[in-house]
Amino acid sequence: PLVDAYTENYVDGTPMIRAIRRALHELGTYEDILAGARVAKGNVGLLFSETADVWSDDAAPFAAEKRSLYLALKHEQLAVDVVTDDEPWDGYKVLVLTDRHLTRAAAARLAAWVRSGGTLVAIAGAGLRDELDEPHREMEEVLGVKLQAWTPAPGHAVSIEKQDLPFAQPATLLEDGTPCLGGLARLAAKDGATRVTHRTQDGGPAVLRRALGRGEAFVTAHLPGLAYLAPALPRRPADRGGSDDSYAHFLPTAPAPAALAPLRDAWRNAHPRVRTSSPFVEAALLEGPEGVVVPVIAWSSAPIATRIEVDVPDGYVWTTASGRTLRTTGRHDRVSLELTVDEADAILGRAPGTRLPARPFAFMGPHRL
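Residues numbered from 1 in each chain as written. Predicted model: local features only at pLDDT ≥ 70, side-chain atom pairs only at ≥ 80, totals over all residues. Heavy atoms only, no water.

K.L.:
Can you explain the sheet that holds strand S9 (residues 205-212)? Please cite residues and give values.
P.N.:
Here seven strands make up an open sheet; going across it, the order is S3-S2-S4-S5-S10-S9-S8 and the pairing mixed. Both edges of this open sheet fall to strand S3 (80-84) and strand S8 (194-199), since each of them pairs with a single strand only. Averaged over neighbouring strand pairs, the angle between their axes works out to 20° when direction is ignored. Here four bridges tie strand S5 (residues 119-122) to strand S10 (residues 215-220), and the two strands are oriented parallel to one another. Looking at S10, one finds that Thr119 is bridged to Glu216. (Pairing = 2+ DSSP bridges. Helix = DSSP H or I, 4+ residues; strand = E, 2+ residues; numbered from the N terminus. Axes fitted to C-alpha atoms, helices over the stretch in contact; angles between N-to-C directions.)

Written out as structure tokens, the structure reads:
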């Protein structure tokens, strides 16, 4: 309660208490599955560089880009993991790098990974400085580009998306009109093996592509995550109120999928184990000995009727945490789930032979405090 809180993180008022009580009771219907479950490994990695922390690579606008890009990749129906530059990358088809600095040792591993068939996406010329803040010759060879300069966009830097992005001014525009928010990397192709696939309106390279061994690398000059999210954020005071109409609770529901078009070839073969019929229904997969959980989030201002396909063996007993109606069809290695998602829900698949827990309260009835 507010009387015991020293920040804005408190629970106060009947509507808020009721919502948290409902969420805890819904969680109680599947915590037996969660106790032994792990998030299923994805095949797209958002690569975090250890040395980037030393050089404050998450300074504005790059932290906002990383967060916005993660949301955009989830809306692309991709299974995205956060990975670091010192762990194995086996099983990943695509690695996305936004940090400007990368160690020489990590760059050598990354070059070998690309040559063996991986696809690297470097945002705004990422990775082109080494741990000593020197030009990174190894990464220049991998990406096929040289970084000439980073030009910040005019006006206030984009630090917090809801607060800053609606007021951001573009550094320039792409040929298709996509704004280059946050800034622009001035890049030059090293040789003829690097192709410029998209340009800015002034003719400069915006997206470059290079084949390397059995893999390839994509490099952007702009920050596509910010361009994706910006149209969905209105100009409003960045309040932290607790009411439903506060900006803190505002869900961005109208981003710009076209901002990702220049990069879609990069993840064309990264097929996820969970797919939804609506790009704005985000889903994931957790697996354990008692069954699976598919958490879903609707990035929409209204309920969305959606179909979710999950690559799991047949035989699970399927329900929802909310008690919403769920229609299931399937075969031996895939199930199709149809339901209406209002904000968020969890779809529960219990392994054959496991016992369903007793429901602690009537889900669809009134909640009396």
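Back to the write-up after that little detour.
K.L.:
So what about the sheet that holds strand S15 (residues 304-310)? Which residues, and what values?
P.N.:
Taken in spatial order, the four strands line up as S11-S15-S18-S17 in an open sheet, and their pairing is antiparallel. Either end of the sheet is taken by a strand with one partner, and the two such strands are strand S11 (274-276) and strand S17 (327-331). On average, each strand axis in the sheet is inclined to that of its neighbour by 20°, with strand direction left out of account. Note that S11 and S15 share three bridges and pair antiparallel. Residue Thr276 lies in a different strand from S15, and its bridge partner there is Ile308.

K.L.:
I'd like to hear about helix H4 (residues 62-75), residue by residue, with values.
P.N.:
Taking 1.5 Å of rise per residue, 14 residues should cover 20 Å, and H4 covers 20 Å from first to last C-alpha, within 8% of that figure. Across the 14 residues that make up H4, a large majority, 12, are buried. Where H4 ends, the next residue or the one after it, Gln77, has phi of about 65°, a positive value. (Expected span 1.5 Å × (residues − 1). Buried < 20%, exposed > 50% of the residue type's maximum accessible area, 1.4 Å probe, protein only.)

K.L.:
Tell me about the nonpolar core, and name the residues and values.
P.N.:
Nonpolar side chains tend toward joint burial in soluble globular proteins. By size, the foremost hydrophobic cluster in this structure holds 69 residues, and its most contacted members are Val96, Leu110, Leu120, Met139, Leu143, Leu165 and Trp267. Residue contacts for Val96: discarding those within four places in its chain leaves Val44, Gly45, Leu46, Leu47, Leu69, Leu73, Val121 and Ile123. Membership of the second largest hydrophobic core comes to 22 residues, among which are Ala40, Val312, Val335 and Leu337. (Core = buried A, V, L, I, M, F, W, Y, C linked by side-chain atoms within 4.5 Å. Contact = heavy atoms within 4.5 Å.)

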